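Letter by letter, the chains look like this.
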Amino acid sequence: MSALLVPPVVLGGGTAYAANGDGPKRAKEPAPPAVMSRVGGERLGVPGVQVRLKGGAPKVPQGITARSWIVSDAESGEVLAAKNPHWQLPPASTLKMLFADTVLPKFPKDEKYKVKPADLQGMGAGSSLVGIKENLTYTVHDLWLGVFLRSGNDAVHTLAAMNGGTEATVAEMRQRAKDLNAVDTHVVTPDGYDAPGQVSSAYDLSLFARAGLQNADFREYCATANAQFPGEMDKNGKRMSFGIQNTNRLLSGDFGLKPYPGIAGVKNGYTTNAGNTLTVVAQHGARKLLVTVMNPAKEERNEAYKEAAALFDWGFEAAGKVEPVGRLVGPRSEEGDATAAGHHDDGKPGKGGAPSAPQAADSSGGAWTAVGVAGGALVVVGAVALFVRRRRPLPEAVRRGARRRR
């Protein structure tokens, strides 16, 4: 339990990842843009909560204060419900999922690298660190544990140095985002640290997670709760080590917050500008759901985790009781450019459906959209083949208990 009290190592003082997730007082909440991307479905570009409830479906929780969120099926890509999922917002360390999508496949996990002083230059003040030391050698496996568990910007910059440098890595991340049809994302830093113009969206972060989960190493790192990390040499020349714990509190837990049943990662983040951001995947039975929340307004400890857990609870209960309001599109290699008109639909190729009239307002003033069974049945029949064809199967057990590495 004492490990839960240990904050991430930080460099200097500043605005980066906060161990307790408690940010400063917030200004008045901004309104979402009136016009947002329609990639994945017309409803996904409409401000406010979008959901199509069938008979007997539970209502979406009312206490969700995140500016943007999305609940989707990790395999089929069906979006069960969402609020402003294409709102371009600072992503914080959840952008490290795109970094992993881009760089992780390039280096075998047992490859070793001796860190140069220049590799650790250029990190923002207050960066979260795992504790990498110059002139010491680490395996690629060590470095990725540092990225996923401690959100270590020093691990990111070391891997970026191995990959040809920060500029080259950012360019590759931009291309990877384009390849994944993540059109809301603009990358400026590889680690997600606040930078002018650096944005992503709940929709795009879900795309990054869904793509990453196809990789067994990605699944291992994002599901590891704690591990031993190489330290410095002792006076006898023996390499020491120290324990690190995953800062994703739905995975590792915290005081007053238990790990979520069936949780399997993926990545959390915090900066002053971004607030708390979180993308998580969980499995109950055969169903695997992705939830992303960005920047909850409610100022309580672990609020992003509590809201994500509430959305998971709703999503698992609502399985089979809602019509999808859109879908997570596949990469360009499968579907081409998702900004084409045929992708601006509710899962029906070549058509775009306008949302129905608002049923009730949510706490942010956005519209709740609900469509009954009548009139919606034909939509589902027409969409089934599309969703099945675009399934991206995950292992039968994404996770069976949080992994501990010794």
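In this text the structure is predicted, and so the values were computed from the model without any measurement.

Asker: What is the right way to look at the overall build of the protein chain in this model?
Answerer: When its secondary structure is counted, the protein chain shows 10 helices and 17 strands. Buried positions account for 58% of the 406 residues belonging to the protein chain. Look at the contacts in the protein chain between residues 6 or more apart in sequence, and 70% of them connect residues 24 or more apart. Split by element, the accessible area of the protein chain, about 16,000 Å² in all, is 54% carbon and sulfur.

Asker: I keep staring at the pairing of strand β8 (residues 224-233) and nothing clicks. Help me out?
Answerer: Consecutive side chains along a regular strand alternate between the two faces of the sheet. Across 6 bridges, the pairing between β8 and strand β9 (residues 239-245) is antiparallel. By the bridge assignment for β9, M233 is matched with R239. Hairpin connection between β8 and β9: a loop of 5 residues separates the two successive antiparallel strands, and G237 in this loop has a positive phi of roughly 80 degrees.

Asker: Hey, could you run me through helix α5 (residues 202-212) in this one?
Answerer: Think of an α-helix as 3.6 residues a turn; residues three or four steps apart then line up on the same face. Taking burial as the measure, the 11 residues of α5 include 11 buried ones, the bulk of the element. The set of residues buried in α5 consists of A202, Y203, D204, L205, S206, L207, F208, A209, R210, A211 and G212.

Asker: I tried to follow the packing of aromatic side chains on my own but got confused; where do I start?
Answerer: Where two aromatic rings form a pair, the distance of their centres and the angle of their planes describe that pair. One pass over the structure, following the stated rule, counts 8 aromatic pairs. Between F229 and F242 the ring centres are 5.7 Å apart and the planes differ by 55 degrees, which places this aromatic pair in the tilted class. With F229 in strand β8 and F242 in strand β9, this pair connects stretches of sequence that are 13 residues apart. Ring centres of Y260 and F312 lie 5.1 Å apart, and the angle between their planes is 25 degrees; on these two criteria the pair is classed as stacked. Pair noted here: Y260 is in the loop between α7 (249-252) and β10 (263-271) and F312 is in helix α8 (residues 303-318), with a separation of 52 residues, a long-range link. Comparing Y260 with F312 shows no difference in burial state: the two are buried. A network of ring pairs unites the aromatic residues F99, W144, F148, F218 and Y221 as a single cluster.

Asker: Just checking my understanding: could you explain the packing of helix α1 (residues 96-103) against helix α2 (residues 140-150) for this structure?
Answerer: For any two helices packed against each other, the geometry is given by the interaxial angle and the distance between the axes. The contact between α1 and α2 brings their axes to 11 Å, and the two run at 160 degrees. Classified by the angle their axes make, α1 and α2 are roughly antiparallel. Viewed along their axes, α1 and α2 form a crossing whose handedness is left-handed. Here K96, F99, A100 and V103 of α1 come into contact with α2, specifically with W144, V147 and F148. A class-by-class count of the residues in the contact of α1 with α2 yields 6 nonpolar, no polar and 1 charged.

Asker: I tried to follow the pattern of salt bridges on my own but got confused; where do I start?
Answerer: Once their charged atoms are close, side chains differing in charge can pair, the charge on each being opposite to the other. Enumeration over the complete set of coordinates arrives at 13 salt bridges. Where K109 meets D217, a salt bridge forms, and the shortest distance between an N and an O atom there is 3.1 Å. Here K109, found in the loop between α1 and β5 (112-114), pairs with D217, found in helix α6 (residues 216-222); they are 108 residues apart in sequence, far enough to count as distant. Here K109 falls in the partly exposed class, since its relative accessible area comes to 29%. Between E300 and K298 there is a salt bridge whose closest N-O contact spans 3.8 Å. When its relative accessible area of 40% is taken as the criterion, K298 is described as partly exposed. Each of K109, D217 and E220 takes part in one network of salt bridges that share partners.

Asker: Help me out: how do you make sense of unusual backbone geometry in this one?
Answerer: What is expected of a backbone is that most residues other than glycine have negative phi and most peptide bonds are trans. The linkage connecting G265 with the following residue, V266, adopts the cis geometry, with an omega of 25 degrees. Tracing the backbone shows V266 in strand β10.

Cut-offs used in this document
Residues numbered from 1 in each chain as written. Predicted model: local features only at pLDDT ≥ 70, side-chain atom pairs only at ≥ 80, totals over all residues. Heavy atoms only, no water. Helix = DSSP H or I, 4+ residues; strand = E, 2+ residues; numbered from the N terminus. Buried < 20%, exposed > 50% of the residue type's maximum accessible area, 1.4 Å probe, protein only. Contact = heavy atoms within 4.5 Å. Areas by Shrake-Rupley, 256 points an atom, 1.4 Å probe, with all protein chains shown as cover. Pairing = 2+ DSSP bridges. Phe/Tyr/Trp six-rings, centres within 6.5 Å; stacked < 30°, edge-to-face > 60°. Axes fitted to C-alpha atoms, helices over the stretch in contact; angles between N-to-C directions. Parallel < 35°, antiparallel > 145°, perpendicular 65-115°, else oblique. Left-handed = near helix turned anticlockwise from the far one by under 90°. Nonpolar A, V, L, I, M, F, W, Y, C, P; charged D, E, K, R; others polar. Salt bridge = Lys/Arg side-chain N within 4 Å of Asp/Glu carboxyl O.

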